[in-house]
Amino acid sequence: DVSGNYKKYRELLKSTIPPCVPYLGLLGKDIFSIEENSKTMIRSDNGVMLINFKKLKLLWTTINFVENLQQYEYSNLVENEECASYLASITPMDEA
């Protein structure tokens, strides 16, 4: 459900006890959105150019979330035969 910028998914992900595999497409969307919608340098009231630490903190928070998930052991995951078979049967999209 994409309503509310995946609000239900984000809440569920925050409450999930790792290990878990997040939807990386949404994380990429978040990083892209932060980059596109926030300036890295901002002008202060007196005209001095300053680093936009709010933007950098948003980027760090998003990237740090994924890095934290990478610290967990994923050896207890069990292969799902039906899912593996389906994924093996998909024809990759041409990137050209």
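The numbers attached to residues start from 1 for each chain and follow its sequence in the written order. It should be noted that, the model being predicted, local features are given only for residues of pLDDT at least 70 and side-chain atom pairs only at 80 or more, the latter also being counted only at that level, while totals for whole chains, interfaces and linings use all residues. Water and hydrogen atoms were dropped before computing side-chain values, which therefore reflect all heavy atoms in the structure.

1. Describing the environment of L77
Now for step 1: The way it works is that DSSP assigns letters per residue, a run of H or I at least four long becomes a helix, a run of E at least two long becomes a strand, and they are numbered from the N terminus. Looking at the secondary structure, you find L77 in the loop between α3 (53-69) and α4 (81-89).
Now for step 2: Considered as a pair, L77 and C20 are 57 residues apart in the sequence and their alpha carbons are 9.5 Å apart.

2. Re the pattern of salt bridges
Now for step 1: The term salt bridge refers to a side-chain nitrogen of Lys or Arg lying within 4 Å of a carboxyl oxygen of Asp or Glu. Under the definition given, this model contains two salt bridges.
Now for step 2: One salt bridge connects R10 with D30, and the closest N-O pair in it is separated by 2.8 Å. Of the two residues, R10 sits in helix α1 (residues 7-15) while D30 sits in helix α2 (residues 24-37), which places them 20 residues apart along the sequence.
Now for step 3: Only protein chains enter the calculation, and the probe is 1.4 Å; a residue is then buried if its accessible area is under 20% of its type maximum, exposed if over 50%, and partly exposed in between. What makes R10 partly exposed here is its relative accessible area of 24%.
Now for step 4: Of the charged contacts in the structure, one is a salt bridge between K55 and E35, with a shortest N-O distance of 3.4 Å.

3. Description of α3
Now for step 1: Its 17 residues place the ends of α3 24 Å apart at the C-alpha level, agreeing with the 24 Å of an ideal helix rising 1.5 Å per residue.
Now for step 2: Those residues of α3 that sit buried are K55, L59, T62, N64 and L69. By this rule the span expected of a helix is its residue count minus one, scaled by 1.5 Å.

4. Some points on unusual backbone geometry
Among all residues save glycine, negative phi is the norm, and among peptide bonds the norm is trans.
Now for step 1: Of the consecutive residues P18 and P19, the connecting peptide bond is found in the cis state with omega at 10°.
Now for step 2: Its location among the elements puts P19 in the loop between α1 and α2.
Now for step 3: Backbone geometry places N5, a non-glycine residue, at a positive phi of 55°.
Now for step 4: Within the fold, N5 resides in the segment before α1.
Now for step 5: Taking the relative accessible area as the measure of exposure, N5 reaches 38% and is therefore partly exposed.

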